[in-house]
Amino acid sequence: MSKTKLARSTPLLAALLLALALPLSAQEAAPRAENAFLSQEAAAARSARVSNVAYALDFTLTGEPTFKATSKIDFDLSDTLSPLTVDLDKATILRLTVNGREIRPQYNQWFITISGSDLKKGRNTVSVEFSRQHSTNGEGLHRYVDKSDGRVYLYSHFEPAAAHQMFASFDQPDLKATYQLTATAPKDWQVISTTRETKIDELGATRRWTFPATPKLSPYNFSMHAGPYKVWEDNSGKYPMRLFARQSLASQVYPQDWFRYTKQGLTYFDDYFGIPYPFKKYDQILVPQFIYGAMENAGAVTFTETRFTSTTPPTTVQRQRLASVILHEMAHQWFGDLVTMRWWNGLWLNESFASYMATLGTTKSDEFDQPWLSQYQSKQGAYRTDDSIATHPIEVPVATTQNAFDNIDAITYTKGASTLHQLRQMIGPETFRQGVHDYLVKYSYQNATLDDFIGSLSKASGKDLQPWAKQWLYEPGLNAISADFACEGGKISRFALKQSATVSAYPTLREQLVQVAVFGLDGGKLVLSEKLPVTYSGASTEVPALVGKACPALVYPNYEDWGFTKVVLDPVSFATARTQLSGIEDTMLRSMLWQSLNDGLRDRRLGLEDYIETVLANAPKERDYTLLRQAMTAIGIGKAYLGTFASGSDTQRRLQARIEETLWNGLQADRANRDRAKTWLSNYIELATSDAALQRLRGMLDGKVDAGIEIDQETRWSIIEQLNRYDTAGSLELIAKELAKDGSENGQLSALAATVIRPDAKAKAETLAKVQALDNSEPYSRLRVMMGSLYPAGQNALAEASAQQRLDTLAAIDAKADPVFMRTYAGQMIPAACTSESVARLERAIANAGPLSAGTKRSLLISHEEDVRCVAMRKFYDEGKSKR
């Protein structure tokens, strides 16, 4: 009798016979795939059964490479029909207890599988005692030994799914829980977590810290940090604030800036959201070897120390960056921590919202007058990504935790923030704020989805916003907009906005509101004659209101940056932008026209020599500090392409001399303005190539050349790195001498960069082997520096020597490496040389690559696409030279 027939006639008997015939393990379905990552399907299945989770965590921290802990998990279980998994990465389990009974662990180094027979319907308790190595890749519980004084520091980082590298857990965002922490640590250490400690017991050489249970949080929002940190406190605001940093770094921290921006931000967000800050105290911790800029751990935010410390007082741009990042992470305390996405496909909304709220918050500061300009400039990375093979919808499926960060990029942060800005304009600022408030109130300490967010805004506005969401959030690709007009008798006779899709594979044309501005020339000066809001859609939108107006010298169809669209200037406007750039008084418009020059070069509307000459003519006249930095970027772009297209030519030598002269003269002219002078100096150092410029750098280092501004420690290392990049006489010895003076973490990494960047074939081969070994002999922070310094522009022959090997081993490294390492490796180590041979090599690599992770495959495709573009630009340059 077939099993099918038996099951149909007597299902109860069939089940009984099957149970008798099979061993216990075969009666229960396999809980999930046997690998290091959790799928969305497995996570959903687990959260459907598990609820009301509470953790009691007990850590023994000694400063040694290994720590011990007990993770006790109390939870409700809806059924015992199948096994349950508990996530725990690469630990040694000392004891596993389930509901008071010790059991033998079924453990594969990724998760523990607990049989349904050991569980019960209702309340369960699982306790895991274990030991584990501290992490060195910036995830889990990271350990760092300060080389300057031998002190040990620990910090945790869990996003996207690394909590189980520190404690046994249900490591997924929709299983929110409370966390009660106890930690024993050396007597001179601080221990910092989401809540403030309620008791510290003195135990001789150690102290035992006890923390009350947290509010309900997703695992990635909980944290613990420990070590002999320096502490600053400020209780002048509504919430107590603390700042922590390594002892050896304390002199490079400016706590007054931190507390000022933090206090302002908490006041602003309390008022904007209409919900008091949820976590009672606000701690911020500067940590070493951090893999990101900052992380929004509830009540205990971490920041990378390399970006937010300085041996000299911070510049305006450094302070604005600090304020923006503080506000970004602070916005997450409500939008991300208080209310959290259900799965990793919703991470974009957390990041986009925080980015947008940081800009809104910065507008309230009297210290920074142009936050919207900074927002516009940050959008350029999103435009480039959206205008490439790497484009993707803002909301995308995430199959497993391995893919959680596949699409965390400029589209996620900046295009997403731009769509929120657009939405706020569409429904009105106060309606938007009310919708956000309602969303946060409704889903506090819970998980939510994009539909929940859009639903709250729809209800507040009385509009169905789902069609808008479908068009903007679920469709990939960038749109371009241009003005199409004609004039007769000095008047506009026809005017339309033309829209196109920049990536043919994604033809969606969207509707959005922009502001069209029309400018004329009056006495040789560009003046605004008309501006009007226009909602456009489809391929062409007529603008009859402009017909009959004076024929313009320039039209900008996204004036004041209302929309998210690539502006392609019409021929008349493009010509005006080149000749009138420095005379334009409107700072935002001037920034937009600087960007149009960059787009013109990239899109082959403007030749390289003309581009460089235009940039060099206008950069010294740039009055705004933020735009001066934009002009410096443009000079760097021109110099890079010049070295690729015209290496060793008279043209390169002539224009390189012009670049160096412009930068040096700018530095001398702005000696009295520290912010501007530091910008000129940093770019002079980075772009110095000629023997004369390199000798001038050496003179600055030796105190024989007066730059007109202080040469601080960071600047000294930048000079030493540039001198070693070109192997100037005596440059190698400078590394060891400087390291003897500056043995800090930044000094160690700077010395490494200066060593790796040297044009030494044998040393580069050894460094590449070390990077590719994947043997944990170097922490990720050092490997990242190696990858970033190994093959700089201008060392083409050295890069070519390993190019094929890097492509041949890409799949094997991708299969073995962790995602954190691989994101940097794929971004830095795929060779592209801007030659037809390089393009063909990449095409073969794509065809023969075999299975690759989504992120690595995308990096390979991007490298090929950019190489094709570069070859086309090179051809355009060569054709232009032949016509001169």
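Position numbers for residues start from 1 in each chain and track the written sequence from start to end. Predicted model: local features are reported for residues with pLDDT of at least 70 only, side-chain atom pairs are reported and counted for 80 or more only, and whole-chain, interface and lining totals are derived from all residues. Computation of side-chain values: all heavy atoms of the structure, hydrogens and water removed.

(A) Geometry of the state of the cysteines. Whenever a pair of cysteine sulfur atoms sits within 2.5 Å, that pair is classed as a disulfide. With the rule as written, the count across this model stands at 2 disulfides. The residue that forms a disulfide with Cys-487 is Cys-551, at a sulfur-sulfur distance of 2.0 Å. Judged by the torsion about the S-S bond (90 degrees), the Cys-487/Cys-551 disulfide is right-handed. Separated by 64 residues along the polypeptide, Cys-487 in strand β22 (residues 479–488) and Cys-551 in the loop between β26 (540–542) and β27 (554–556) bring together distant segments of the chain. Comment: elements are numbered from the N terminus, with helices defined as DSSP H or I runs of at least four residues and strands as E runs of at least two.

(B) Molecular detail of the nonpolar core. Core analysis: the largest hydrophobic core is formed by 141 residues, its most contacted members being Phe-59, Leu-61, Phe-75, Phe-167, Phe-170, Trp-334 and Phe-453. A per-element tally of this core places helix α7 (residues 347–362) first, with 9 residues. With residues near it in sequence (within four places) discarded, Phe-453 still touches Phe-335, Leu-349, Phe-353, Leu-420, Val-436 and Tyr-439. For our purposes a nonpolar core is just a set of buried Ala, Val, Leu, Ile, Met, Phe, Trp, Tyr and Cys residues, chained together by side-chain atoms within 4.5 Å. The rule is simple: take the accessible area with a 1.4 Å probe, protein chains only, and divide by the maximum for that residue type; under 20% is buried, over 50% is exposed, in between is partly exposed. Trp-594, Leu-606, Phe-645 and Leu-687 belong to the second largest nonpolar core, which has 85 residues in total. Note on definitions: a residue-residue contact is assigned when non-hydrogen atoms from the two residues lie within 4.5 Å.

(C) Helix α23 (residues 761–773), seen in detail. Its 13 residues give α23 an end-to-end C-alpha distance of 18 Å, which sits within 8% of 18 Å, the value for a rise of 1.5 Å per residue. Every buried residue belonging to α23 is among Lys-764, Thr-767, Leu-768, Val-771 and Gln-772, and all of these are buried. Along the axis of α23, the buried positions cluster into a sector of 130 degrees, meaning they face one direction only. Buried positions along α23 lie against α22 (745–756), α24 (780–789), α25 (796–808), α26 (810–816) and α27 (819–828). Sitting at the amino-terminal end of α23 is Asp-760, which places a side-chain oxygen 3.1 Å from the backbone nitrogen of Lys-762. One or two positions beyond α23, positive phi appears at Leu-774, with a value near 55 degrees. Expected span of a helix, by definition, is 1.5 Å for each gap between consecutive residues, and there is one gap fewer than residues. Regarding the arc, it is the one traced by the directions from the helix axis to the C-beta atoms. Polar contact criterion, stated in full: a pair of N or O atoms within 3.5 Å, where within protein one must be able to donate a hydrogen and the other to accept it, and residues adjacent in sequence count only if both atoms are side-chain atoms.

(D) Here's a closer look at the layout of surface pockets. Approximately 1300 Å³ is the volume found for the second largest pocket. Within the residue set of the lining of the second largest pocket, elements represented by two or more residues are β7 (122–133), β8 (140–145), α24 and α27. Ten residue types, Ala, Val, Leu, Ile, Met, Phe, Trp, Tyr, Cys and Pro, are classed as nonpolar, four, Asp, Glu, Lys and Arg, as charged, and the remainder, Gly among them, as polar. The residue inventory of the lining of the second largest pocket, partitioned by class, reads 21 nonpolar, 13 polar and 14 charged. Residues are said to line a cavity or pocket when one of their atoms sits within 4 Å of a point; the points come from a 1 Å grid over protein atoms alone, cavities being sets where a 1.4 Å probe fits but cannot get out and pockets being open sets with protein on both sides within 12 Å along at least five of seven lines. Grid points are joined across faces, edges and corners, and a volume is the space filled by probe spheres set on the points.

(E) Representation of the pattern of salt bridges in the model. One speaks of a salt bridge when a side-chain nitrogen belonging to Lys or Arg is within 4 Å of a carboxyl oxygen belonging to Asp or Glu. Considering all chains together, one arrives at 53 salt bridges under this definition. Asp-257 is paired through a salt bridge with Arg-260; the nearest N and O atoms lie 2.9 Å apart. Of this pair, Asp-257 and Arg-260 both sit in helix α5 (residues 255–273), 3 residues apart, roughly one helical turn. Exposure remark for Arg-260: the relative accessible area of 29% places this residue in the partly exposed category. Arg-674 is the partner of Glu-710 in a salt bridge, and the nearest nitrogen-oxygen pair spans 3.1 Å. In this pair, Glu-710 sits in the loop between α19 (691–702) and α20 (713–725) while Arg-674 sits in helix α18 (residues 674–687), placing the two residues 36 residues apart along the sequence. Overlapping salt bridges bring together Asp-387, Lys-566, Arg-602, Asp-603, Glu-866 and Arg-869 as one network.

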